[in-house]
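Listed below, chain by chain, are the residues.
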Amino acid sequence: MKQRTILREVSISGVGLHTGGKVQLTFKPAPEDTGIVFRRMDIYGKPESKPDISQVTELVRSTTITSGHSKIHTVEHVLSALNGMGIDNVIVELDAGEPPILDGSAKFFVNLLQEAEPVEQNKERVFFQLKQPVSVTAGNRSIIALPYDGLKITCTSADDRGIHTQHLSIDIDPETYIAQIAPSRTFTIYEDIEELLKLGKIQGGSLDSAIVIKGDKIISKEPLRFKDEFVRHKILDILGDVTLLGMPLKAHIIAVRPGHALNAELTKELYKQMMKEKTGKTEPVQSSKAVLLASETSLDIRRILDTIPHRYPFLLIDRVISISDNELTAIKNVTINEPYFQGHFPGNPVMPGVLQIEAMAQAGGLLLLRKGTAENKLIFFMSCDKVKFRRAVMPGDQMEIYVKMTKCKETHGRLIGMASAECRVGGKVVSSADLMFTVMDPVNE
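Read on for an overview of the structure. (Residues numbered from 1 in each chain as written. Predicted model: local features only at pLDDT ≥ 70, side-chain atom pairs only at ≥ 80, totals over all residues. Heavy atoms only, no water.)

1. Quick notes on helix α3 (residues 174–181)
- If you check which residues of α3 are buried, you get T176, Y177 and I181. Mapping the buried residues of α3 onto a view down its axis gives an arc of 100°, with all of them on the same face.
- If you follow the buried residues of α3, they end up packed against α1 (76–85), α2 (107–116), β15 (166–171) and α5 (229–242).
- Its side-chain oxygen at 3.1 Å from the backbone nitrogen of E175, D173 defines the N-terminal cap of α3. (Buried < 20%, exposed > 50% of the residue type's maximum accessible area, 1.4 Å probe, protein only. Helix = DSSP H or I, 4+ residues; strand = E, 2+ residues; numbered from the N terminus. Arc of directions from axis to C-beta. Contact = heavy atoms within 4.5 Å. Polar contact = N/O pair within 3.5 Å; in protein donor to acceptor, adjacent residues only side chain to side chain.)

See the structure below:
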């Protein structure tokens, strides 16, 4: 098979599912061996990134990749369409940080690529053909990949209540993908919506872009496109996430209750085997080191970025100057360059109190990591109590954040932490609160 690109440039506009922002996406032809390249048109310098598994930084209900200061949310539907259509070389331009969700499927991306007219190039397409089985598991979820001369996906989809269990086994080629997989829409459980909104997710979601499951009822603006539409969308997501391997795959993937986090783990294992075949040795995938070693008594900004998912402008800790099993002291250098000072308040800038609480929560989350690894997990801020603000924090202040763990316990299989926290400037307390947080698995679609 030859490599393929598209004949002409095409564009589509819409709204991002999680960010809620308006965005235009443009597919452009690319030369042989270019691969898939995302280009952020809204960022100075128009930074480009070739998506791969090492760039994955977030897996809560979507797949987010970060390269340098360029972050792109919810890449899986675009990548799935390109993979399913057999497009090897293309530039994907975006004027925002998330592709449009459109109707929640890959159908519109497929239609757009058909309009762009896929064309063969001169060079041969190079596949990664799996030689040895690989598997990943997480509780009652699992994915196995077996050697196969082609790409086949066998998937079982079910929710925690065992309702809407669906199963499908299908060989993937462009014609099958276009007709049987691309039209399947994303879906969510009704009871999850409030929690997702609290997490800042699905800001652009609606019944125009998703199916909602409430008990044994289906809430949708149109009838189901397939009686087993849910499992078909799971296959759509798998195809998108394994595109992060960076090479077309030949394998039989067998998945039981997959989600983005588990898909990413499978792709990491496939990558390790691929690199072992190329180099004769296993190359580890560089990813988040969400674990604090007992020997670490301080953390620089690189280790903080390794450990928690927060990024500018919402990372509110610059350095941890001391850490033990139950106490942590961090610093935040408050400068006039902070984006919130543009509106809080012009002419008399003051650091918002809620951001002081967030800084305490981030410090408390780091301290909770001393109780065990949070690899492939997220720390969620649950509550704050006895909050007091005593004096203003202004540009030029160095804010010292002190957190003491008062209780740490397992409840219903989840680690719960409680802590008292203070922010100090010049040795004087400027704010304080009692905090509670927990370590949880990412919420999978």
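2. Some thoughts on the packing of aromatic side chains
- In this structure the tally under the stated criterion is 3 aromatic pairs.
- Taking the centre distance of 6.5 Å and the plane angle of 75° together, the rings of F27 and F109 count as edge-to-face. Linking F27 in strand β3 (residues 22–29) with F109 in helix α2, this pair joins segments that are 82 residues apart in sequence.
- You can call F27 buried: its relative accessible area is 0%.
- The interplanar angle of 65° and the centroid separation of 4.8 Å between the aromatic rings of Y340 and F341 together place this pair among those described as edge-to-face. For the pair Y340 and F341, a shared accessibility class is recorded, and that class is buried.
- Of note, K214 hangs over the ring of Y190, and the distance from its end group to the ring centre comes to 4.3 Å. (Phe/Tyr/Trp six-rings, centres within 6.5 Å; stacked < 30°, edge-to-face > 60°. Lys NZ or Arg CZ within 6 Å of the ring centre and 35° of its normal.)

3. A closer look at the pairing of strand β7 (residues 64–67)
- One ladder, built from 2 bridges, connects strand β6 (residues 56–58) with β7; its direction is antiparallel. Bridge pairing links E58 to T64 in β7.
- Where β7 and strand β8 (residues 70–72) come together, 3 bridges link them in antiparallel fashion. Following the sheet pairing, T66 is matched in β8 by K71.
- Connecting the antiparallel pair β7 and β8 is a turn made up of 2 residues, with G68 showing a positive phi of about 60°. (Pairing = 2+ DSSP bridges.)

4. Some details on the packing of α3 against α5
- Interaxial distance between α3 and α5 falls to 10 Å at its minimum, and their mutual angle equals 135°. Here α3 lies oblique to α5, going by the angle between them. Between α3 and α5, the residues in contact are Y177, Q180 and I181 and R232, I235, L236 and L239, respectively.
- Of the residues belonging to the contact of α3 with α5, the class tally is 5 nonpolar, 1 polar and 1 charged. (Axes fitted to C-alpha atoms, helices over the stretch in contact; angles between N-to-C directions. Parallel < 35°, antiparallel > 145°, perpendicular 65-115°, else oblique. Nonpolar A, V, L, I, M, F, W, Y, C, P; charged D, E, K, R; others polar.)

5. Considering the pattern of salt bridges
- If you walk through the whole model with that rule in mind, you get 21 salt bridges.
- With its nearest N and O atoms 2.9 Å apart, the salt bridge here joins E338 to K332.
- Exposure remark for K332: the relative accessible area of 4% places this residue in the buried category.
- The salt bridge involving E422 is made with R424; its shortest N-O contact spans 3.0 Å.
- Of the residues examined, E422 reaches a relative accessible area of 25% and is grouped as partly exposed.
- Under the relative-accessibility criterion, R424 is labelled partly exposed at 24%.
- The network of salt bridges with common partners includes E9, K28, R39, E48 and E93. (Salt bridge = Lys/Arg side-chain N within 4 Å of Asp/Glu carboxyl O.)

6. Some words on a nonpolar patch on the surface
- A contiguous nonpolar patch, built from Y190, L207 and I219 and spanning about 230 Å² of accessible area, is present on the exposed surface.
- With respect to the helices, strands and loops of the structure, Y190 is situated in the loop between β16 (187–189) and α4 (193–198). (Patch = residues over 30% accessible without salt bridge, like charges linked within 9 Å, V, L, I, M, F, W, Y side chains within 5 Å. Areas by Shrake-Rupley, 256 points an atom, 1.4 Å probe, with all protein chains shown as cover.)

7. Here we look at the pairing of strand β2 (residues 10–15)
- As defined by bridge partners, β2 adjoins β3 across 6 bridges and the pair is classed as antiparallel. By the bridge assignment for β3, V15 is matched with K22.
- In textbook terms, the turn of a hairpin is the stretch between consecutive antiparallel strands, and for β2 and β3 this stretch comprises 6 residues, one of which, G20, has a positive phi near 75°.

8. Focus: the environment of M1
- Residue position: M1 is located in the segment before β1 (2–6).
- Residue classification places M1 among the exposed positions, given a relative accessible area of 63%.
- Sequence separation between M1 and Q121 is 120 residues, and the spatial gap between their C-alpha atoms is 9.8 Å.
- The contact partners of M1, leaving out residues within four places of it in the chain, are E124, R125 and F127.

Interpretation note: all reported values are geometric properties and have no functional meaning in isolation.
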